[in-house]
Amino acid sequence: MDEKQQVVAALAAALPDLDQATLAEKIERPKDNKNGDYAFPTFFLAKTLHKAPQLIAQELVAKVDPSGFEKVEVAGPYINFFLDKAKVGGNVLMEILADPANYGSSDLGHGGNVTIDMSSPNIAKPMGMGHLRSTVIGNAIANLMTKTGYHPVKVNHLGDWGTQFGKLMAAYKMWGNEEEVKADPINTLQRYYVKINTEADEHPEYADMGREWFKKLEDGDEEAYRLWVWFRKESLKRFMKIYKLLDVDFDSYNGEAFYNDKMDEIIQLLKDKHLLQESRGAGIVDLSKYDLNPAMVLKSDGSTLYMTRDLTTALFRKRMYGFAKSLYVVGAEQEYYFGQLKAVLTEMGFEWAKQIHYIKFGLMSLNGKKMSTRKGNVVQLEDVLNDSIKMARQQIAEKNPTLANADEVAEQVGVGAVIFHDLKNDRRNRVDFRLEDVVKFEGETGPYVQYAHARAESILRKAGKPSFDGVELALHDEKAWPIVKRLSQYGETVERAAANYDPSLIGKYALALAKDFNQYYAHTRILVDDDQKLERLALVQAVSYVLKSALAILGVKAPDEM
RNA sequence: GGGACGAUAGCUCAACCGGAUAGAGCAUUGGUCUUCUAAACCAAAGGUUGUGGGUUCGAUUCCCACUCGUCUCACCA
């Protein structure tokens, strides 16, 4: 950052007619290191100066003071600036080593609360791979918020209410067996649920039974309530196992049921503001001024919908947390719906509606088809995690059989692979689930990054964990320059990832840094006793810190040995 | 039919604000472990960036049209 200012200053002296902001805007970072560290293209000056860009570049470079730079040279229409590698490199390393935990952090958020609606699995259904996306994306965004000075509030908006419970209860009453459910709650309940759905075509009365049971639940029927509590408890127990594996926790588990008795207010508010209209017996809010279809907030039988609960939830969260932002990490198929939700809130006069951001992610499919719990074609997240851990354990047995805490590391690597796989690409991309891709440990994967980190730690152990306190560092190894450059870009990468709610930028950064390091490692011996040994070790230590930090943002562990 | 999003190497994906020869990984072919962990490294090969126009000194990137794909368009969530 300061380095860019240095370039701006040098150019400003040669081009007094242009203001610094314009110059800063035009300066770019060449993709190829041979074109220097910063470059200034002169095309845009051709028109005003009536000269060829190449000529402008040549004339300009003569006026630029190259002191402070390694060199400044012309390459066609570009002026390329090469930084003083020894000095800049040393500064970057010293900055990281002085305060590793805060490297890359900023205070853009000034402590403002950011509620993040994430994970939100449905009770009485197994957590599928689809829920992984919302969980790990939400978790990574929460970490990005922390890193940029916000205070994230992770909310697991459990799907613990709705007509599907009525159906489930009806199914349980017909075919259920208490012992069977106790033995394996989720899968058994899931089986009942699939059964009643598949047989509903032949037995239309099942749908009515489901509605009746849900009505009972809403009216506080004792048996319905007892079943609901039981199903919910068993489901949560199972979910907690998965969250523990993923190492994700939540600040609130207030789900749909929590808002069940709080919806009157929003209905009343809509009435007071004359926004509630009747149409075909149902209650709707007209949104034609937003170019959207009307939002239904009351069914014709007077019962509520998802929309009703979400409006209530939004208002509750604003009051409870006074959020600076409210994020919803939800599948892309709900985009239209969230447009309506925001529009209704705006229509109600809540100016904070614009603080709501919908963080959509691409649908996960199986063999090209949408996964459907009702049809039973889902891949269970727990199975995938366990498979991955098992495979990681095998790899360790082959490659590092004497590793002391092998089981613990296998879990970190196996789970890390799954999480990283889900986060490395743009969250909006659709993904077709393929186990062999998810549990891959080579190439652009989580384990690749973890491995680079473990190698770095291994070297530091062998070097006797050197201390860098108060050491004045310069970096003389030219081969280390790509690494240092990458390290120096961590903060801006974090900021960009946070601003775009895009964890994949951190994933790509971690891969690039791991690759830089692995290349260096393959070509340079670090543990040789010469006068540059300490600065090489400082480099290794800095890489280790930053890799670990980047992985931590993604929610991936960085074992010291693997 | 309306809307949203997308189309880049055989496959999965990159490409910051419009910039230098469009880059990685996987798969394929070949090379590198008596030296810090080979979950790694090096190399080869792989492209009319869906099609056709336009804007620009310059377009994968911006605009228009078209083709194809996914999602979505009130009593599910």
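- Under an unreviewed UniProt entry, the name given to chain A is Arginine--tRNA ligase, and the source organism is Limosilactobacillus ingluviei DSM 15946.

1. Some details on the packing of helix α19 (residues 481-488) against helix α22 (residues 533-554)
- The N-to-C vectors of α19 and α22 enclose an angle of 40°; their axes lie 11 Å apart at closest approach. Considering the angle they form, α19 stands oblique to α22. Classified by chirality, the crossing of α22 by α19 is left-handed. Residues I483, V484 and L487 of α19 form the contact with α22, whose own contacting residues are L539, A542, V543 and V546.

2. With respect to the layout of surface pockets
- The space that makes up the largest pocket amounts to roughly 1,500 Å³.
- Residue lining of the largest pocket: 50 residues in total, with N122, K125, H131, E333 and Q334 positioned closest to the centre.
- Every element with two or more residues in the lining of the largest pocket is listed here: α6 (129-147), α7 (163-175), α13 (306-321) and β9 (325-331).
- Looking at the lining of the largest pocket element by element, the count peaks at five residues for α6.
- Residue classes in the lining of the largest pocket are distributed as 20 nonpolar, 18 polar and 12 charged.

3. Side note on the sheet that holds strand β13 (residues 431-433)
- Strand order in the open sheet formed by three strands is β12-β11-β13, with mixed pairing between adjacent strands. Two strands bound the open sheet, and with one partner strand each, they are β12 (369-370) and β13.

4. Focus on the protein's contact with RNA strand B
- In the region of RNA strand B, 68 residues are neighbours, and Y78, N293, Y451, S458 and T524 sit closest.
- The sugar-phosphate portion of RNA strand B accounts for 58% of its atoms within 4 Å of the protein, the bases making up the rest.
- Contact between RNA strand B and S300: a base oxygen at 2.7 Å from a main-chain N or O atom of the residue.
- R525 is positioned such that a nitrogen or oxygen atom in its side chain is 3.0 Å from a sugar or linking oxygen of RNA strand B.
- Of all the elements in the fold, those that place two or more residues in the surface near RNA strand B are β3 (78-83), β7 (282-285), α13, α14 (335-347), α15 (381-399), α18 (446-462) and α21 (504-523).
- Residues that form the surface near RNA strand B fall into these classes: 24 nonpolar, 16 polar and 28 charged.

5. Here we look at unusual backbone geometry
- Here S120, not a glycine, exhibits a phi torsion of approximately 45°, which is positive.
- In this structure, S120 sits in the loop between β4 (113-118) and α6.
- Since its relative accessible area comes to 18%, S120 is described here as buried.

6. Here we look at the UniProt feature "domain: DALR anticodon binding" (unreviewed entry) in chain A
- UniProt records the feature "domain: DALR anticodon binding" (unreviewed entry) at residues 449-562, using the numbering of this structure.
- Helix makes up 65% of residues 449-562 and strand makes up 0%, while its end C-alpha atoms are separated by 12 Å.

7. Concerning helix α16 (residues 406-423)
- Spanning 18 residues, α16 covers 25 Å between terminal C-alpha atoms, matching the ideal 26 Å at 1.5 Å per step.
- Where burial is concerned, most of α16 is hidden: 14 out of the 18 residues are buried.

8. Brief notes about the nonpolar core
- F40, F81, M129, M169, L246, F433 and L487 are the most contacted members of the largest nonpolar core, which totals 146 residues.
- The leading source of residues in this core is α22, at 12 residues.
- Three or more residues apiece are contributed to this core by two domains, here domain 1 (3-83) and domain 2 (386-554).
- Ignoring any residue separated from it by four or fewer positions in sequence, one finds M129 in contact with M364, M371, V379, L381, V384 and F433.
- Counting residues in hydrophobic clusters, the runner-up holds 30 residues, among them V285, L292, L298 and A353.

9. Observations concerning the confidence of the model for chain A
- Here chain A averages 93 in pLDDT, while 99% of its residues score no lower than 70.
- Both scores are available for the predicted complex, with the pTM at 0.95 and the ipTM at 0.96.

10. Considerations on the sheet that holds strand β8 (residues 295-298)
- The three strands are arranged β6-β7-β8 in an open sheet whose pairing can be described as antiparallel. In this open sheet, the two strands that pair with only one neighbour each are β6 (276-279) and β8. Averaged over all adjacent pairs, the angle separating strand axes in this sheet is 45°, with direction ignored.
- Strand direction decides the pairing type here: β7 and β8, joined by three bridges, are antiparallel. In the strand pairing of β8, V285 is matched with A295.

11. A word on the environment of D32
- Among the secondary structure elements, D32 is positioned in the loop between α2 (20-26) and β1 (38-41).
- Residue D32 is classed as partly exposed on the basis of its relative accessible area, which comes to 36%.
- When the C-alpha atoms of D32 and K465 are compared, they prove to be 34 Å apart, with 433 residues separating the residues in sequence.

12. Some words on the packing of aromatic side chains
- Counted according to the given criterion, the structure contains 25 aromatic pairs.
- Centroid distance F69 to F81: 5.3 Å. Interplanar angle 55°. Geometry classified as tilted. A residue pair is termed long-range when its members are at least 10 positions apart, and F69 in strand β2 (residues 69-75) and F81 in strand β3 qualify at 12 residues. Considered together, F69 and F81 belong to a single accessibility category, that of buried residues.
- Centre to centre, the rings of Y259 and F316 are 5.4 Å apart; their planes meet at 80°, and the pair counts as edge-to-face. In this pair, Y259 is assigned in the loop between α11 (222-246) and α12 (264-272) and F316 in helix α13, connecting sequence segments 57 residues apart.
- Chaining the aromatic ring pairs together yields one cluster made of Y306, Y328, Y337, F338 and Y358.
- Its guanidinium or amino end placed over the ring of F44, K26 lies 4.6 Å from that ring's centre, counting from NZ or CZ.
- In this arrangement the basic side chain of K262 is found over the ring face of F258, its NZ or CZ atom lying 3.9 Å from the centre.

13. Quick look at the pattern of salt bridges
- Inspection of the entire model under this criterion finds 34 salt bridges.
- Among the salt bridges present, the one from R211 reaches D208, with a minimum N-O distance of 3.1 Å. Within this pair, R211 and its partner D208 are both found in helix α10 (residues 205-218), separated by three residues, close to a single helical turn.
- Of the residues examined, R211 reaches a relative accessible area of 47% and is grouped as partly exposed.
- Given the relative accessible area of 39%, D208 is considered partly exposed.

14. Quick word on the domain arrangement of chain A
- Segmentation of chain A into domains returns domain 1 (3-83) and domain 2 (386-554).
- At the junction of the two partners, domain 1 supplies six residues and domain 2 supplies six residues.
- Interface area, domain 1 with domain 2, both sides summed: about 450 Å², of which 36% is carbon and sulfur.
- By the criterion of area lost to domain 2, the three top residues of domain 1 are R29, N33 and D37, representing 77% of everything that side buries.
- Counting every contact that joins domain 1 to domain 2 gives four residue pairs in polar contact (both at pLDDT 80 or more).
- In terms of residue class, the side of domain 1 that touches domain 2 is built from one nonpolar, two polar and three charged.

Definitions and limits used
- Residues numbered from 1 in each chain as written.
- Chains lettered and ligands numbered in written order.
- Predicted model: local features only at pLDDT ≥ 70, side-chain atom pairs only at ≥ 80, totals over all residues.
- Heavy atoms only, no water.
- Axes fitted to C-alpha atoms, helices over the stretch in contact; angles between N-to-C directions.
- Helix = DSSP H or I, 4+ residues; strand = E, 2+ residues; numbered from the N terminus.
- Parallel < 35°, antiparallel > 145°, perpendicular 65-115°, else oblique.
- Left-handed = near helix turned anticlockwise from the far one by under 90°.
- Contact = heavy atoms within 4.5 Å.
- 1 Å grid on protein atoms, 1.4 Å probe; cavity = no way out; pocket = protein on both sides within 12 Å on 5 of 7 lines; lining within 4 Å.
- Points joined across faces, edges and corners; volume = space filled by probe spheres on them.
- Nonpolar A, V, L, I, M, F, W, Y, C, P; charged D, E, K, R; others polar.
- Pairing = 2+ DSSP bridges.
- Near = heavy atom within 4 Å.
- Polar contact = N/O pair within 3.5 Å; in protein donor to acceptor, adjacent residues only side chain to side chain.
- Buried < 20%, exposed > 50% of the residue type's maximum accessible area, 1.4 Å probe, protein only.
- UniProt positions renumbered as here; feature names shortened; annotations may be inferred.
- Expected span 1.5 Å × (residues − 1).
- Core = buried A, V, L, I, M, F, W, Y, C linked by side-chain atoms within 4.5 Å.
- Domains from an automatic or database assignment.
- pLDDT = per-residue confidence, 0-100.
- Phe/Tyr/Trp six-rings, centres within 6.5 Å; stacked < 30°, edge-to-face > 60°.
- Lys NZ or Arg CZ within 6 Å of the ring centre and 35° of its normal.
- Salt bridge = Lys/Arg side-chain N within 4 Å of Asp/Glu carboxyl O.
- Buried area = accessible area lost by both parts, 1.4 Å probe.

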